[in-house]
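# Descriptive analysis of the structure
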Amino acid sequence: MTLLSLLPTLILIVALFAVTMLVALYSTFAERKVAAFLQDRVGPNRAGPGGIFQPLADGVKFFMKEEVIPVASNKFLFVLGPCIAIMCALMTGIVVPWGDTLTLFGASIPLQIVDLDIGILYVFAVVSVGVYGIMIGGWASNNKFSLMGAIRASSQIISYEISMGLSIVALLLVTGTMSLHEIVTQQHGMHWNIFYQPLGFLLFLICAFAETNRTPFDLPECETELVGGYHTEYSSMKLGFYLFSEYINMFISGAIMATLFFGGYNFPFMDNLLQATGSQNLVTIIGTAFLFLKIFFFIFFFMWVRWTIPRFRYDQLMNLGWKGLIPLGIFNVVATAVGLLFFRN
Amino acid sequence: MLTSAFYFIAFVTIFFAIMVVVSKNPIHSVLYLVLTFFCISANYIFMLDATFVGMVNVIVYAGAIMVLFLYVLMMMNLNAIAEQKRSVLFKISAAVTGGMLLLVLVAALKDANLQIQGSALEAEQRIGSIKVLGYVLYSKYQLPFEVASILFLVAMIGAVVLGKKDNSTKTIGIEPVK
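Residues numbered from 1 in each chain as written. Chains lettered and ligands numbered in written order. Predicted model: local features only at pLDDT ≥ 70, side-chain atom pairs only at ≥ 80, totals over all residues. Heavy atoms only, no water.

Further remarks concern the overall build of chain A. Along the backbone of chain A there are 13 helices and 2 strands. Computed over its C-alpha atoms, the radius of gyration of chain A comes to 21 Å, within 12% of the 20 Å expected for a compact globule of 345 residues. Counting only C-alpha atoms, chain A reaches 65 × 50 × 50 Å along its principal axes. Relative to its 345 residues, chain A shows a buried fraction of 52%. Within chain A, counting contacts between residues at least 6 apart in sequence, those at least 24 apart form 79% of the total. Just so you have it, chain A exposes about 15,800 Å², and 73% of that area is on carbon and sulfur atoms. Side chains of chain A give 17 positive and 19 negative charges; the mean places of these two sets differ by 9 Å. (Helix = DSSP H or I, 4+ residues; strand = E, 2+ residues; numbered from the N terminus. Rg over C-alpha atoms; globule rule 2.2 N^0.38 Å. Buried < 20%, exposed > 50% of the residue type's maximum accessible area, 1.4 Å probe, protein only. Contact = heavy atoms within 4.5 Å. Areas by Shrake-Rupley, 256 points an atom, 1.4 Å probe, with all protein chains shown as cover. Lys, Arg positive; Asp, Glu negative; His and termini not counted. Charge placed at Lys NZ, Arg CZ, Asp CG, Glu CD.)

What follows deals with the overall build of chain B. A count of helices and strands for chain B gives 7 helices and 2 strands. Along its sequence from the N terminus, chain B presents helices and strands in the succession α-α-α-α-α-α-α-β-β. Burial status across chain B gives 22% buried among its 178 residues. Relative to all contacts within chain B whose residues are 6 or more apart in sequence, the contacts with residues 24 or more apart total 49%. Per element, the accessible surface of chain B, about 13,400 Å² overall, is 73% carbon and sulfur.

Our next topic: the nonpolar core. Ranked by internal contacts, the top residues of the largest apolar core, which has 107 residues, are Trp98, Tyr132 and Leu260 of chain A. With sequence-adjacent residues up to four places away left out, Leu260 of chain A is seen in contact with Ile120, Leu171, Leu180, Ile183, Gln187, Asn193 and Phe204 of chain A. (Core = buried A, V, L, I, M, F, W, Y, C linked by side-chain atoms within 4.5 Å.)

What follows concerns the packing of aromatic side chains. All names here are of chain A. The full count for this structure, using the stated rule, is 29 aromatic pairs over all chains. With centroids separated by 6.1 Å and ring planes inclined at 55°, the aromatic side chains of Phe201 and Phe298 adopt a geometry described as tilted. With Phe201 in helix α8 (residues 198-211) and Phe298 in helix α12 (residues 280-306), the pair connects residues that are 97 residues apart, well separated along the chain. (Phe/Tyr/Trp six-rings, centres within 6.5 Å; stacked < 30°, edge-to-face > 60°.)

Below, the discussion takes up the pattern of salt bridges. Residues and elements named next belong to chain A. Applying the stated criterion across every chain yields a total of 6 salt bridges over all chains. The residue Arg306 makes a salt bridge to Glu31 at a minimum N-O spacing of 3.1 Å. You can see Arg306 sitting in helix α12 and its partner Glu31 sitting in helix α1 (residues 3-38), a full 275 residues away along the chain. Of the residues examined, Glu31 reaches a relative accessible area of 3% and is grouped as buried. A salt bridge links Asp58 to Arg32, with the shortest nitrogen-to-oxygen separation between them at 3.0 Å. Linking Asp58 in helix α2 (residues 54-64) with Arg32 in helix α1, this pair joins segments that are 26 residues apart in sequence. Connected through shared salt-bridge partners, Glu31, Arg214, Glu246 and Arg306 make up one network. (Salt bridge = Lys/Arg side-chain N within 4 Å of Asp/Glu carboxyl O.)

Turning next to α8 of chain A. Residues and elements named next belong to chain A. With 14 residues, α8 extends 20 Å from end C-alpha to end C-alpha; this agrees with the ideal 20 Å at 1.5 Å per step. For α8, the buried fraction is high: 10 of the 14 residues fall into the buried class. Packing partners of the buried residues in α8 comprise α4 (119-140), α5 (144-175), α7 (193-196), α10 (236-261), α12 and α13 (314-343). Backbone geometry just after α8 places Asn213 at a positive phi near 60°. (Expected span 1.5 Å × (residues − 1).)

This part takes up the interface of chain B and chain A. Contacts between the two partners involve 25 residues from chain B and, on the opposite side, 22 residues from chain A. Summed over both partners, the interface of chain B with chain A comes to about 2,000 Å²; 81% of that surface belongs to carbon and sulfur atoms. The largest share of the area that chain B buries against chain A comes from Met55, Ile59 and Met74 of chain B, three residues that together contribute 29% of it. Applying the counting rule to chain B against chain A returns 0 salt bridges. Here chain B is connected to chain A by 2 residue pairs in polar contact (both at pLDDT 80 or more). Of all elements in the fold, only α2 (26-47) and α3 (51-76) of chain B reach the threshold of two or more residues within the side of chain B that touches chain A. The element that contributes the greatest number of residues to the side of chain B that touches chain A is α3 of chain B, accounting for 16 residues. Taken together, the residues that form the side of chain B that touches chain A break down as 19 nonpolar, 5 polar and 1 charged. (Buried area = accessible area lost by both parts, 1.4 Å probe. Polar contact = N/O pair within 3.5 Å; in protein donor to acceptor, adjacent residues only side chain to side chain. Nonpolar A, V, L, I, M, F, W, Y, C, P; charged D, E, K, R; others polar.)

Glancing now at the packing of α5 of chain A against α3 of chain B. Contact pair α5 of chain A / α3 of chain B: the axes reach a minimum separation of 10 Å and the direction vectors enclose 150°. In this view, α5 of chain A runs roughly antiparallel relative to α3 of chain B, as classed from their interaxial angle. Both α5 of chain A and α3 of chain B take part in a crossing whose hand is left-handed. The residues of α3 of chain B that touch α5 of chain A, namely those facing Leu147, Ile151, Ser154, Ser155, Ile158 and Glu161 of chain A, are Gly63, Ala64, Val67, Leu68, Tyr71, Met74 and Met75 of chain B. Grouping the amino acids of the contact of α5 of chain A with α3 of chain B by side-chain chemistry returns 9 nonpolar, 3 polar and 1 charged. (Axes fitted to C-alpha atoms, helices over the stretch in contact; angles between N-to-C directions. Parallel < 35°, antiparallel > 145°, perpendicular 65-115°, else oblique. Left-handed = near helix turned anticlockwise from the far one by under 90°.)

Residue and element names in this part refer to chain A. The residue Asp40 is not glycine, and still its phi comes out positive at about 60°. Within the fold, Asp40 resides in the loop between α1 and α2. For Asp40, a relative accessible area of 73% gives the class exposed. Even without a glycine there, the phi angle at Ser236 is positive, about 60°. As for its placement among the helices and strands, Ser236 is situated in helix α10. A residue is classified by how much of its surface remains accessible, and Ser236, at 6% relative accessible area, is buried.

This part covers empty space enclosed by the protein. All names here are of chain A. For the coordinates displayed, the defined rule picks out 1 cavity of 30 Å³ or more. The space that makes up the largest cavity amounts to roughly 450 Å³. In this structure, the largest cavity is lined by 30 residues; those nearest its centre are Val127, Gly130, Glu211, Thr212 and Asn249. Listing elements by their share of the lining of the largest cavity, those giving two or more residues are α3 (75-91), α4, α5, α8 and α10. (1 Å grid on protein atoms, 1.4 Å probe; cavity = no way out; pocket = protein on both sides within 12 Å on 5 of 7 lines; lining within 4 Å. Points joined across faces, edges and corners; volume = space filled by probe spheres on them.)

On to the domain arrangement of chain B, then. As a measure of interface size, the accessible area lost when the parts come together is often cited. Taken domain by domain, chain B consists of domain 1 (1-78) and domain 2 (129-164). A straight line from the C-alpha centre of domain 1 of chain B to that of domain 2 of chain B covers 23 Å. (Domains from an automatic or database assignment.)

This is the structure:
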């Protein structure tokens, strides 16, 4: 493998990193604007026209703040916690197919960094490891509130991973492959999985809220009970990393949901456009734009729910997970299997 | 190339495994165990080309079981001082038991044949791919697979039974607990 053949992949990795960071940066701004809209306020409007530079100001502020590491904490693990959180958040994006193939200078480049034949499992593995960031950080802070937040995060994510896995099992029965690229290709021509797996999508969506620690499931950082939850002791950019990883997770889970259930980069009348213009590159670029539209809708949905629905109590969260979602997930798997047995042929 | 990579991964794996036993703080032990599982997964993925098994290992062991270990340890808030002193006899017996387990595992896997005999479908596939694994698991090893599933079911029901406390005799004030 020569260096030149690696170049497109390298460019894609850097571009993905930049886009993820940019989307996360402006998600913080969008969150405040959406909150302001839903509460009939104006929101941040001082930095730049319409407050457009607010995220930059926030970022500079994070970097300039004094960095406090508690004396009684475990210093190495205290620093490691936010590192794991943001690393795992950034790692998932590489298996997502961000678009069809681009043809540049005679070479066709797929807009996906790596197409693993176990794509979904990779995402799942990285997500399940991501909880260590919260757990290690919460424990290393040596603070009762942080520890409570860490313990809540771990049990919550473990519980909801099960129903998330069950919803994916039902989806895999339909698709017959774990490769995200193939799943997207199968959905070409409005055969979106949402039509075949509506219950599976609902389960996945609810679990995505729990996995990203978003309201109504943000018990690990529940400020009415736990001060700041697992990041009580964190300050400066280390706190910034924790908050940032939440927004990156939102972006990635939006991308995964769009890919698995909403056709990824497929859009209506795709073939007609390809026939009319004859340009694959144009279709690819529009497809990527559509994928981002879907993702932005999901990000907006996350925010919409956050500012509409109050937080669950912890026992309610556990009851919903174990007594509501897991039986529903098992029912969905069985129903899908039976349906496939009778109707596929 | 592959051999040196194997030696490197194996060395790192064993190093972390030793750190699990040696480190004083139980939380550190668990974190080293997580790293050990990652290294074992790396072995699966790079040496055997078994990406599925490697990923499932990360999900199940590193992502779920170890999180629960960590959860319990954090709940109990153990530290180095609280650790009990163990007698020499205890340590010797632990070493002997572990050594015997190692012996059994080596003896069982010594003659293991990694080539799959069978139909042409398997021959053209990579040994570790999901297709081959699923095919072999649901044809040749179907009975052991199902027996193992029943074993898991029994363990699950057993855990629920043990976890359910008998509250019939307890009271809060004068009200019996429901």
